[in-house]
Amino acid sequence: QLQLVESGGGLVQAGVSLTLSCAASGRTFSVYNVGWYRQPPGKEREFVASIRWTDGSISFADSVKDRFTTSRSNPNNRLYLQMNSLKPEDTAVYFCAATKKSIHGSVNDIEYWGQGTQVTVSS
């Protein structure tokens, strides 16, 4: 199995920055497509960002475009999500994710999930 553990969430004010980290273990992390999803309270889980393992290409949801960045550190088996200019609508549980399949924004693409970390943005 591949195990994923998120960290770095918390309560912040709108306009600030916050970085989330995902630690992976159990398998060779570098061969997986990886990314981030989030789930606001009472809503469905939604795509945030992804990194393709073959060429390192990065995709973002329109809602976070130009505000969030994501990167991976294969030697440390870690995935990062840097969130800038946070808005109240960014409030959600954030999940790191991995799959051998392509990520196209559907939760059904994901084979491995972290347990999630809460990000709350106050106005």
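None of these values were measured; they are calculated from a predicted model.

(A) Representation of the pattern of salt bridges within the structure. With the rule as written, the count across this model stands at 4 salt bridges. Across the pair Glu-46 and Arg-38 runs a salt bridge, and its minimum N-O distance is 2.8 Å. Between Asp-90 and Arg-38 there is a salt bridge, with its nearest N and O atoms 2.9 Å apart. With a gap of 52 residues between them, Asp-90 in the loop between β8 (78-83) and β9 (92-99) and Arg-38 in strand β4 (residues 33-39) connect regions that are remote in the sequence.

(B) Spotlight on the sheet that holds strand β7 (residues 68-73). One open sheet accounts for 4 strands, arranged β1-β3-β8-β7; its pairing is antiparallel. Edge positions in the sheet fall to β1 (3-7) and β7, since each has one partner strand and no second. Each neighbouring strand pair of the sheet contributes to a mean axis angle of 15°, computed without reference to strand direction. As judged from the 6 bridges shared by β7 and β8, these two strands associate in the antiparallel manner.

(C) Examining the packing of aromatic side chains more closely. Applying the stated rule across the entire model yields 4 aromatic pairs. Their ring planes at 75° and their centres at 5.7 Å tell us that Tyr-37 and Phe-47 sit as a pair that is edge-to-face. A residue pair is termed long-range when its members are at least 10 positions apart, and Tyr-37 in strand β4 and Phe-47 in strand β5 (residues 46-51) qualify at 10 residues. Its relative accessible area of 0% is what places Tyr-37 among the buried residues. Between the aromatic rings of Phe-95 and Trp-113, the centroid separation amounts to 6.1 Å while the plane-to-plane angle is 80°, which identifies the pairing as edge-to-face. Residue Phe-95 is found in strand β9, and its partner Trp-113 is found in strand β10 (residues 112-113); the two are separated by 18 residues along the sequence. Looking at Phe-95, the relative accessible area reads 7%, which means it is buried. Members of the aromatic cluster, joined through ring pairs, are Tyr-37, Phe-47, Phe-95 and Trp-113. It is Arg-45 that lies over the ring of Phe-95; its NZ or CZ is 3.7 Å from the centre.

(D) Spotlight on the state of the cysteines. A complete count under the given rule lists 1 disulfide for this structure. Between the sulfur of Cys-22 and that of Cys-96 lies a disulfide, 2.1 Å long from S to S. As the torsion about the S-S bond is roughly 55°, the Cys-22-Cys-96 disulfide counts as right-handed. Of this pair, Cys-22 sits in strand β3 (residues 18-25) while Cys-96 is found in strand β9, placing the two residues 74 residues apart along the sequence. Considered together, Cys-22 and Cys-96 belong to a single accessibility category, that of buried residues.

About the criteria used
- Residues numbered from 1 in each chain as written.
- Predicted model: local features only at pLDDT ≥ 70, side-chain atom pairs only at ≥ 80, totals over all residues.
- Heavy atoms only, no water.
- Salt bridge = Lys/Arg side-chain N within 4 Å of Asp/Glu carboxyl O.
- Helix = DSSP H or I, 4+ residues; strand = E, 2+ residues; numbered from the N terminus.
- Pairing = 2+ DSSP bridges.
- Axes fitted to C-alpha atoms, helices over the stretch in contact; angles between N-to-C directions.
- Phe/Tyr/Trp six-rings, centres within 6.5 Å; stacked < 30°, edge-to-face > 60°.
- Buried < 20%, exposed > 50% of the residue type's maximum accessible area, 1.4 Å probe, protein only.
- Lys NZ or Arg CZ within 6 Å of the ring centre and 35° of its normal.
- Disulfide = S-S within 2.5 Å.

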